[in-house]
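This is what each chain is made of:
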Amino acid sequence: MSTQDLSNADITLFHTYLFNYIGKVYPSFPHTVAVKQVAEPEPVADAPAEDDEFDFFGDEDSADEAAAAELKAKLEEEKANKKKAGPVERSAIIMAVKPADVDVDMDELEAFTRAIEMEGLEWKASEMKDVAFGIQKLVISCHIVDELVSMDTIEQILEEKEDLVSSTEILSFSKL
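Residues numbered from 1 in each chain as written. Predicted model: local features only at pLDDT ≥ 70, side-chain atom pairs only at ≥ 80, totals over all residues. Heavy atoms only, no water.

Describing the sheet that holds strand E2 (residues 121–132)
Two strands in a sheet stick together by hydrogen bonds in their backbones, pointing the same way (parallel) or opposite ways (antiparallel). Formally: The pairing criterion for strands is at least two bridges between them, as found by DSSP. Secondary structure elements follow DSSP: runs of H or I no shorter than four residues count as helices, runs of E no shorter than two count as strands, and numbering proceeds from the N terminus. Interaxial angle, 0 to 180 degrees, is taken between N-to-C directions of lines fitted to C-alpha atoms, where a helix line uses only the stretch in contact. The contact criterion used throughout is that any non-hydrogen atoms of two residues lie within 4.5 Å.
Ordered by their spatial adjacency, 4 strands build an open sheet running E2-E3-E1-E4, and the pairing between neighbours is antiparallel. With one partner strand each, in any of the chains shown, E2 and strand E4 (165–175) form the two edges of the open sheet. On average, each strand axis in the sheet is inclined to that of its neighbour by 20°, with strand direction left out of account. The sheet contact formed by strand E1 (residues 90–99) and strand E3 (residues 135–145) spans 8 bridges and is antiparallel. Bridge pairing in E3 places Ala-92 opposite His-143. Relative to the sheet, helix H3 (residues 106–114) contacts E1, E2, E3 and E4, its axis offset from that of E2 by approximately 155°. Sitting on the sheet, helix H4 (residues 151–160) touches E1, E2, E3 and E4, and the angle it makes with E4 is about 160°.

What follows is the structure, encoded as structure tokens:
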């Protein structure tokens, strides 16, 4: 039996037995609590629709157009205020650039990487790390402004140069 199958009379009867039992076991308990009988809700009759003949594909009223234009102007104003008020979000990234071959000049790879210039991108320190069997990888860090630069774009530019770059990997991505 679920709680949905219980009527108000069943619930009232349960409460009466419960309070009587508690009153016998714990005499100091105020077992004369009145249980309010709640009437069953009446089924709601279908309310007549005010606008049964609404044309979904018809022309909009001029009042609707004016309200929409006002709302759009308000949203644009809030968006402009939000951009001005918020701090510039920046991220610090450390990425590994792996060469395409053992014969790739690592200085040339670093120069190619640093040659990528975008507004909001600032290259920082770099170092060469040994991978295996004489192969090295370039580990380089940069700071980016999140709204202006996407790391996906930087990785895509690096990986387009297939004769220099085998793959890239983001080692660390943290907000400043």
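Concerning the side chain of Thr-113
Here is the rule we go by: Residue exposure (1.4 Å probe, protein chains only): buried if accessible area is under 20% of the type maximum, exposed if over 50%, otherwise partly exposed.
Note on placement: Thr-113 falls in helix H3. The class of Thr-113 is buried, set by a relative accessible area of 0%. Once residues within four sequence positions are removed from consideration, Thr-113 is found in contact with Val-97, Trp-123, Leu-138, Ile-140 and Leu-158.

Functional significance is not addressed by these values, which are geometric in nature.
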